[in-house]
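Chain by chain, the residues run as shown.
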Number of protein chains: 4
Amino acid sequence: MLEDKIKKLIGKAIEGMNNAYAPRSNFPVGAAVLTSKGNMYQGCNIESVISGLGTCAERSAIDHAVAHGEYNFEAIAIVTKAKTPVKPCGACLQYISEFSQVAQKDVEIIMATSNGKYKKSRINKMLPGMFGPRDAKLDLRKYQK
Amino acid sequence: MLEDKIKKLIGKAIEGMNNAYAPRSNFPVGAAVLTSKGNMYQGCNIESVISGLGTCAERSAIDHAVAHGEYNFEAIAIVTKAKTPVKPCGACLQYISEFSQVAQKDVEIIMATSNGKYKKSRINKMLPGMFGPRDAKLDLRKYQK
Amino acid sequence: MLEDKIKKLIGKAIEGMNNAYAPRSNFPVGAAVLTSKGNMYQGCNIESVISGLGTCAERSAIDHAVAHGEYNFEAIAIVTKAKTPVKPCGACLQYISEFSQVAQKDVEIIMATSNGKYKKSRINKMLPGMFGPRDAKLDLRKYQK
Amino acid sequence: MLEDKIKKLIGKAIEGMNNAYAPRSNFPVGAAVLTSKGNMYQGCNIESVISGLGTCAERSAIDHAVAHGEYNFEAIAIVTKAKTPVKPCGACLQYISEFSQVAQKDVEIIMATSNGKYKKSRINKMLPGMFGPRDAKLDLRKYQK
């Protein structure tokens, strides 16, 4: 991915971060996906007082794209206010991995700080060989257009 | 809420339903929230192959609004292809209830079929007395603007 | 349910509460289910640093019973250190409701304080008409023995 | 870990698998943890009709141990009826990783088939560098005894 597009995607993730609902942890996280159609959708963490409810920024960004009918992702950026880039949690890596099976694409993962430093990786490197919708033999054709 | 606005909110929920990612159940669900600023955000169910991941339409619609910096909800509409209106699940009622504590507003719940029949209720009637962010003494001021 | 049995079930829930893993909220919650075979299984809240992971006490108690091959519940007790009894969250009510469809039994819900005060209700009163495995037409026969 | 102990832990995971509540997928999964005190606790998948509720076998086994006041794990075994060993999902790897921070121990992961073939790995190899309770600066002392 071109430097310019990466910067734009990180900017979209920062937009998400600024909207985070994190009254429990006070640790806002933002994310943004780039779809195969070239659109960007932001997300943020949304915390519940209940263990097991609430959404991470990465899953929120993916859900945002899905709500617009987009299921195929090129890249996802994650941003926090920590000094060094933070990795997506295991649950989010699982989620990204499942959608990488929909698009049959090795999604790029961009981990950024809010002042623009970043690291890059790929879902198949960060969480290889995960069980997903193809392994469960689900019919994914209508989500691949 | 006026009939006209209800119809529009149900229409937005149907837009969400049409984008559902439901390869496991093949049971698409849509939802849409109306915010205190008068905006509408759609959501849909997004299924994972993993028990405990995946998102319901109602939570997806709320997360969609939060990603745009809106935390105060007047109403939420839910729609499926079933013949009679379906209630939000308990997890979604909990989620709606928590945000009703943010806005201190008794959120209206509109349960609709895809051909426009609907029932109305309120979160405080459907799930009264839930534990939420106020009970946990979380500081909600910046989410109340 | 007899007073004596209720007291015993609350005692089991307190045993669960004392084992809670709650480093985030420092608010331990305990629960215990009574099965149709007469056994009691305790549970507690287990918190994750990730929004959307972690388990409530009620679901943990049910999962504990399921791990022993028991799916049919007479009652569930919930206990916290709060001064007045706390209700199960909406997600847990949904979970209890689904298992009430397995057993076709209106599960009794006992909400207790750690010094033994309690209130009683029923799942069909607290969360009536929920979508569950019967509505999804799942085959539940092997879980009904 | 000695071959003999591994076999015993897989046996306990199979006991969990046989109790799985999986009416949606009909794909039972079992797991078992070995604690630092030498005890074994089984778990299984428990499916909900709701996206985002339900528990995986690995988290269920950990929760089972926690409900007994044990937070320090040496190893976890996972078993399914698939022909080749299946990896824990990303959400479960996250959960195991968080408890590996409690015990400060690189938990062994044993992936087995129901006829006893298995592969071994470690949490820090399968999901390195995850955000956990230590990164969130939570006080874990009472869970380390």
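Located above this text is the structure these notes cover.
In short, a report on the structure. (Residues numbered from 1 in each chain as written. Chains lettered and ligands numbered in written order. Predicted model: local features only at pLDDT ≥ 70, side-chain atom pairs only at ≥ 80, totals over all residues. Heavy atoms only, no water.)

1. Points about the side chain of Ser121 of chain B
To be explicit about the condition: Put simply, DSSP marks the helices as runs of H or I at least four residues long and the strands as runs of E at least two long, and each gets a number from the N terminus on. Contact between two residues is taken to exist if any of their heavy atoms lie within 4.5 Å; hydrogens are not considered.
With respect to the helices, strands and loops of the structure, Ser121 of chain B is situated in strand E5 (residues 118–122). Ignoring sequence-local partners within four residues, the contact set of Ser121 of chain B consists of Val107, Glu108, Ile109, Met111 and Met126 of chain B.

2. Looking at the packing of helix H2 (residues 57–66) of chain A against helix H3 (residues 90–103) of chain A
Residues and elements named next belong to chain A. Rule in force here: Angles shown run from 0 to 180 degrees and are taken between the N-to-C directions of axes, each axis being a line fitted to C-alpha atoms and, for helices, limited to the stretch in contact. Here the angle decides the label: under 35 degrees means roughly parallel, over 145 means roughly antiparallel, 65 to 115 means roughly perpendicular, and every other value means oblique.
Where H2 meets H3, the closest approach of the two axes is 9 Å, and the angle between their N-to-C directions is 30 degrees. One finds that H2 runs roughly parallel with respect to H3. Here Glu58, Arg59, Ile62, Asp63 and Val66 of H2 come into contact with H3, specifically with Ala91, Cys92, Tyr95, Ile96 and Phe99.

3. Digging into the interface of chain B and chain A
A common way to state how big an interface is: give the accessible area lost once the parts meet. Rule in force here: Two parts placed together each lose some accessible area under a 1.4 Å probe, and the buried area is that loss summed for both. Just to be clear on terms, a salt bridge is a Lys or Arg side-chain nitrogen sitting within 4 Å of an Asp or Glu carboxyl oxygen. Polar contact criterion, stated in full: a pair of N or O atoms within 3.5 Å, where within protein one must be able to donate a hydrogen and the other to accept it, and residues adjacent in sequence count only if both atoms are side-chain atoms.
Taken together, the contacts link 39 residues of chain B with 39 residues of chain A. Taking both partners together, chain B and chain A bury about 3200 Å²; carbon and sulfur atoms supply 64% of that area. Connecting chain B to chain A are zero salt bridges. Taken together, chain B and chain A are joined by 15 residue pairs in polar contact (both at pLDDT 80 or more). Sorting the residues of the side of chain B that touches chain A by element identifies strand E2 (40–44), helix H2 (57–66) and helix H3 (90–103) of chain B as the ones contributing at least two each.

4. Here we look at the pairing of strand E4 (residues 108–113) of chain C
All names here are of chain C. The test is simple: Three exposure classes are used, based on accessible area relative to the maximum for each residue type with a 1.4 Å probe and protein chains only: buried under 20%, partly exposed in between, and exposed over 50%. Whether two strands pair depends on DSSP finding at least two bridges between them. Crossovers are marked right-handed if the path from the first strand over the helix to the second runs clockwise, as seen with the strands pointing away from the viewer.
With six of its six residues buried, E4 lies for the most part within the structure. Burial along E4 is two-sided: the face carrying Glu108, Ile110 and Ala112 and the face carrying Ile109, Met111 and Thr113 are both buried. Taken together, the six bridges between strand E3 (residues 73–80) and E4 define a ladder with parallel strand orientation. Bridge pairing in E4 places Thr80 opposite Thr113. In this view, the connection linking E3 to its parallel neighbour E4 by way of helix H3 (residues 90–103) has right-handed handedness.

5. Quick look at the relation of the copies chain D and chain C
How we decide: We place the copies in one frame by least squares, fitting the C-alpha atoms of every residue whose pLDDT is at least 70 in both.
Each copy of the sequence occupies a distinct position, and chain D is placed on chain C by a rotation of 180 degrees and an axial shift of 0.0 Å, giving an RMSD of 0.0 Å. Such a combination of turn and shift is consistent with a two-fold rotation axis. The C-alpha atom lying nearest the rotation axis in chain D is that of His64 of chain D; the distance is 2.9 Å. Most of the interface of chain D is mirrored in chain C, where 100% of its interface residues again form contacts.

6. Here's the deal with helix H3 (residues 90–103) of chain D
Owing to its 3.6 residues per turn, the α-helix brings residues three or four apart onto one side. All names here are of chain D. Worth spelling out the cut-off: To estimate how far a helix should extend, the number of its residues minus one is multiplied by 1.5 Å.
With 14 residues, H3 should reach 20 Å at 1.5 Å per residue; the first-to-last C-alpha distance of 20 Å fits that figure. Most of H3 is tucked away: 13 of the 14 residues are buried. Backbone geometry just downstream of H3 places Gln104 in the positive-phi region, at approximately 50 degrees.

7. Remarks on the state of the cysteines
Quick reminder of the rule: Note on terminology: pairs of cysteine sulfur atoms within 2.5 Å are recorded as disulfides.
Using the criterion set out here, one finds zero disulfides over all chains in the structure. No disulfide involves Cys44 of chain A; its sulfur sits 11 Å from the nearest other cysteine sulfur, which is in Cys56 of chain A. Looking at Cys56 of chain D, it has no disulfide partner, and the nearest cysteine sulfur is the one in Cys92 of chain D, 3.8 Å off. On the accessibility criterion, Cys56 of chain D (9% relative accessible area) is buried.

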